[in-house]
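One-letter residues, chain by chain:
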Amino acid sequence: PSELLVLADDSAKPDVVAADMLAQAEHDVVAVPMLVTTSESLVKEVEAELTKQLNVLGTKATASKSMLNNGFVVVCDTMDEAIETADFLAPEHLEVLTRDCMGVAKKLNHYGALFIGTHAAEVLGDYGAGPNHTLPTGRTARYTGGLSVHNFLRVRTWMQLTEPQTSEAQELVKDCVLLAKLEGLEAHSKSAAKRILQNGDVKKSASTGKNGVSTTYQQMQRTLTASTEAECVLFDMDGVLADVSNSYRNAIIATASAFGVDVTEADIQTAKDQGNANNDWILTQRLIETKKGKVSFEDVKSKFQELYLGTAGSKGLRDNETLIPDKKLLEKIASKYPVAIVTGRPRDEAEYFLALHGLTDIFPKHLRVCMEDGPPKPAAEPILLALEKLGIDVKSRRCDDADVKPILMIGDTVDDIRAALNANCGCVGIGFVPPTKPPVKVARTLYGVGAERVLETMDEIKSVLKLNDDDGNGLKSSAKSSALPAGKSGSRTASVSRTTKETTIRVDINLDGTGTSQINTGIGFYDHMLTALSKHSRMDLAIECKGDLHIDDHHTAEDVALALGSAFAKALGSKKGITRFGSALVPLDEALSRVVVDISGRPHASVNLGFKRPSVGTMSTEMLEHAFESFATTAGITLHVECLKGKNDHHRAESAFKAMARALRMAVKLDGHTDVPSTKGVL
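Here is a short report on the structure shown in this document. (Residues numbered from 1 in each chain as written. Predicted model: local features only at pLDDT ≥ 70, side-chain atom pairs only at ≥ 80, totals over all residues. Heavy atoms only, no water.)

Side note on the packing of aromatic side chains
This structure, assessed with the given rule, holds six aromatic pairs. For the ring pair F235 and F363, a centre distance of 5.7 Å and an interplane angle of 75° mean the geometry is edge-to-face. A residue pair is termed long-range when its members are at least 10 positions apart, and F235 in strand β6 (residues 232–235) and F363 in the loop between α15 (347–356) and β12 (368–369) qualify at 128 residues. Owing to a relative accessible area of 1%, F235 belongs among the buried residues under this scheme. Relative to Y308, the ring of Y248 lies with its centre 4.3 Å away and its plane at 10°, an arrangement referred to as stacked. Note that Y248 is positioned in helix α10 (residues 248–258) and Y308 in helix α13 (residues 297–309), a separation of 60 residues in sequence. When sorted by exposure, Y248 lands in the same class as Y308, which is buried. For R139, the ring lying beneath its charged end belongs to F88, and the centroid distance is 3.9 Å. Note that R318 overlies the ring of Y352, its terminal NZ or CZ placed 3.6 Å from the centroid. (Phe/Tyr/Trp six-rings, centres within 6.5 Å; stacked < 30°, edge-to-face > 60°. Helix = DSSP H or I, 4+ residues; strand = E, 2+ residues; numbered from the N terminus. Buried < 20%, exposed > 50% of the residue type's maximum accessible area, 1.4 Å probe, protein only. Lys NZ or Arg CZ within 6 Å of the ring centre and 35° of its normal.)

So, the packing of helix α22 (residues 621–635) against helix α23 (residues 649–668)
Packing of α22 against α23 brings their axes to within 11 Å, and their N-to-C directions diverge by 15°. Comparing their axes, α23 and α22 come out roughly parallel. The handedness of the crossing between α22 and α23 comes out as right-handed. Counted together, L624, F628 and F631 of α22 and A653, A656, F657, M660 and L664 of α23 form the full contact between these two elements. Here the residues of the contact of α22 with α23 are counted per class, giving eight nonpolar, no polar and no charged. (Axes fitted to C-alpha atoms, helices over the stretch in contact; angles between N-to-C directions. Parallel < 35°, antiparallel > 145°, perpendicular 65-115°, else oblique. Left-handed = near helix turned anticlockwise from the far one by under 90°. Contact = heavy atoms within 4.5 Å. Nonpolar A, V, L, I, M, F, W, Y, C, P; charged D, E, K, R; others polar.)

Let's talk about the sheet that holds strand β25 (residues 638–645)
Overall, mixed pairing links the four strands, which are arranged β20-β21-β25-β22 in an open sheet. Since the sheet does not close on itself, it has two edges, and those belong to β20 (581–588) and β22 (604–608), each with one partner. Averaged over neighbouring strand pairs, the angle between their axes works out to 10° when direction is ignored. Sheet topology note: the β20/strand β21 (residues 591–598) ladder contains eight bridges and is antiparallel. Across the sheet, residue L588 finds its bridge partner in β21, namely A591. (Pairing = 2+ DSSP bridges.)

Printed below as a string of structure tokens:
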């Protein structure tokens, strides 16, 4: 379908915006007119203009259907968020109607054709000026452009190594040997190795190091080695091991509120991104003083600790903290590499979390560096002290030596990455995206300060540390038998495998389980939702998916839901004795979702979650809704899912999945009868 996205602020003229959207809408009934803006008042004015202009439009029948069925508006808090949304949607045509239209245009990346300023209407590109209008639609502008003469040119390439004896040429050859090994292509590696000359035949350049190999190559080899081996692994705690989104972050906000200051999650993240924000007491004081003026540090600290630790008879926010990586994965890492913790937490708070989650054997007391041990990150001292505790002699390490294995520091903030670099001992900063944070933004920030790699899920560390596919949590992709624990005799279980050109999936399910789950779809937020589904439905669930996520999340999200629905239906069997109907209302903070289920044998889904953002984590919100629909299709159930209220899209989605879990738990329950619960005698 033809597409137009108008990116506007409050300076845009409502009548112009409406006219441009209608010009797109009149193409046909599948045209997609979109408005992304930072101004709620503009939306109301545009709506009024649309009504006014439609009434006198000769193509009203087509345009009104297009607007009603396909048109939508996204209201963003900031222009940066609006730009990110436009890039996500990657429209065929994109108009920029903002004050600094050229400045905004320079930040945009994904579009078929861009029209900058009030006077550059899309229709002028159709008839008067601009490029060929055979343009990419359906978000394909993320990786291609409009049709042009270049698409019809035949491009041929050739290569000749004219000076193979130079050290630079030999660097290239040896790079290829190493890269082919990393990819597991042994014959490729051996083919490249045939081009390696003996040292006596190599002309050394000024930058040549030992063994006739340049120092540049040695550094490259060491960087590549960072993806396969490590001397040791250092873990930050908050945001890496501990999910503190409902503890420390809330303590900062609540403490500030106690001093009459409104602090938002965005304020905290901005401060964290700027660095020197490793101490949350000091950070809280700084945020309060930015808006209010001087306050006592001791008063701030006292209030913060009261909220975080709790009081007599009242639990503190620290009891909300959950473990991010699977414990088995941490055990596997610790069995292969020396590990230590480098955190800005006070020692007693670090020990409380480790004990709460059974990690004290993995990270014993003598391998923890805490607040009391020295200056905070980004100073190098915490890193160096951890290495000393591990018995690693930093002074004898030669970082320019290709044989020296890197030290890995896994952290979620700029201070973690900078501390690794400041240690100046071959320590590599590995960034990590905490569960509730936007991956793209976090990755850009951490790469910007020197991270070697950024992980979206802790499961990705397995490829960095050369752990086997079946190490830690997750399933063996080649497993022949169920990855779930054996169920009780007569329990309703099923296994389903689904293989297409786009995905390879295995699902194991036990309807009469305990809520045990092993989920690995490759999409972190999807894993989180399916884990919640398993936990609250009490269904044991194991899902392993290898999908084409290099394209997008569509095939993976849809096919996993289809396979899960098939397994669910298979496990139900004859449906004799089931309750059949189930319903649930489930809140998550400000969000409230309702789900009603009928195991009817008639697939139908009505899903309305009212998302406000294009994605949560790396999963598009449209696919979150589609996952419910796909599950209902193969499960053979009637499914109604609705989020009744909520501001946070993460909360909207999670409350909906939990509500479906509770409704399914009720519907599949055996009620003591032996017949099929239907007057037809069959479902």
